[in-house]
Amino acid sequence: MSEPIWDPYDKDCPSRKLLDRIGDRWTVLVVGTLESGPKRFSELHHGIDGISQKMLTQTLRGLERDGLAKRTVYAEVPPRVVYELSPTGRSLIEPLTALTAWATTHMTDVKTAQSAYDQVGRSA
């Protein structure tokens, strides 16, 4: 049996949900933080400025469900939980690094365009 052909331009294609996942800002930041290796929840929370515990939990669960991250619980007192990227999750590092680099490289241009747009919008 051949692999299905996924078409994100088809409204019913499940690849759209995956694009939502990997295009989410928190996913980009969590994957970037996990690039350097396994981390505990508190390390992730402190390393990603502005993310709430609830959003970090939701993002990690989504990444785990999609097979992009794995969660390991160590039988210690208290239990130690560590998150790390799966091989599939590691394959996201290069494209997400490129996306992050693009955003930081072009942020000045974008801010200039936003300012010009807002000036026209206010005077119209």
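Overview of the structure. Just so it is clear, the structure is predicted and the values come from calculations on it, not from any experiment.

Parameters at a glance
- Residues numbered from 1 in each chain as written.
- Predicted model: local features only at pLDDT ≥ 70, side-chain atom pairs only at ≥ 80, totals over all residues.
- Heavy atoms only, no water.
- Pairing = 2+ DSSP bridges.
- Helix = DSSP H or I, 4+ residues; strand = E, 2+ residues; numbered from the N terminus.
- Buried < 20%, exposed > 50% of the residue type's maximum accessible area, 1.4 Å probe, protein only.
- Contact = heavy atoms within 4.5 Å.
- Salt bridge = Lys/Arg side-chain N within 4 Å of Asp/Glu carboxyl O.
- Core = buried A, V, L, I, M, F, W, Y, C linked by side-chain atoms within 4.5 Å.
- Axes fitted to C-alpha atoms, helices over the stretch in contact; angles between N-to-C directions.
- Parallel < 35°, antiparallel > 145°, perpendicular 65-115°, else oblique.
- Nonpolar A, V, L, I, M, F, W, Y, C, P; charged D, E, K, R; others polar.
- Expected span 1.5 Å × (residues − 1).
- Arc of directions from axis to C-beta.

It is worth spelling out the pairing of strand 2 (residues 69-74) at this point. The pairing of strand 2 with strand 3 (residues 80-85) spans six bridges and is classified as antiparallel. Bridge assignment links arginine 71 to a residue of strand 3, and that residue is tyrosine 83. Hairpin connection of strand 2 to strand 3: five residues between the antiparallel strands.

Once that is clear, we can look at the side chain of serine 15. Relative to the helices and strands, serine 15 is located in helix 1 (residues 15-23). Residue class for serine 15 comes out buried when judged on its relative accessible area of 16%. Non-local contacts of serine 15, meaning those with residues more than four positions away in its chain, are made with Trp6, Asp7 and Pro8.

A side chain of one charge can pair with a side chain of the opposite charge if their charged atoms are brought near each other. Inspection of every chain in the model, using the stated rule, returns three salt bridges. A salt bridge links aspartate 12 to lysine 11; the nearest nitrogen and oxygen atoms lie 3.6 Å apart. Summarising the burial analysis for this pair, aspartate 12 and lysine 11 share the class exposed.

Let us now look at the nonpolar core. One finds Val30, Val31, Leu34, Leu44, Leu56 and Leu60 to be the most contacted residues of the largest nonpolar core, which totals 18 residues. The dominant element in this core, judged by the number of residues it contributes, is helix 2 (residues 25-34), at five residues. Discounting residues that sit within four places of it in the chain, valine 31 has contacts with Leu85, Gly89, Leu92, Ile93 and Leu96.

The interhelical angle for the contact between helix 2 and helix 4 (residues 53-65), taken along N-to-C directions, is 75°, at an axis separation of 10 Å. The angle between the axes of helix 2 and helix 4 places the two elements in the roughly perpendicular class. Of the residues in helix 4, those touching helix 2 at Trp26, Thr27 and Val30 are Met55, Leu56, Thr59, Leu60 and Leu63. Residues belonging to the contact of helix 2 with helix 4 are distributed by class as follows: six nonpolar, two polar and no charged.

As defined by bridge partners, strand 1 (residues 39-40) adjoins strand 3 across two bridges and the pair is classed as antiparallel. By the bridge assignment for strand 3, lysine 39 is matched with tyrosine 83.

With that out of the way, let us pick up the sheet that holds strand 1. Working definition: the strands of a sheet are paired by backbone hydrogen bonds and lie parallel or antiparallel to each other. Here we have three strands laid out as an open sheet, ordered 1-3-2, and antiparallel in their pairing. Among the strands making up the open sheet, the edge pair consists of strand 1 and strand 2. Sheet strands touched by helix 2: strand 1 and strand 3. Its angle to strand 3, the strand with the most contacts, is close to 100°.

What follows concerns helix 4. Helix length check: helix 4 (13 residues) gives 18 Å between terminal C-alpha atoms against 18 Å at 1.5 Å per residue, within 8%. Within helix 4 the residues assigned to the buried category are Leu56, Thr59, Leu60, Gly62 and Leu63. For helix 4, the arc enclosing every buried residue in end-on projection is 160°, short of the 170-degree limit, so these residues lie on one face. In helix 4, the exposed positions that point more than 90 degrees away from the buried face belong to Gln53, Lys54, Arg61 and Arg65. The inward-facing, buried residues of helix 4 contact helix 1, helix 2, helix 3 (41-47), strand 2 and strand 3.

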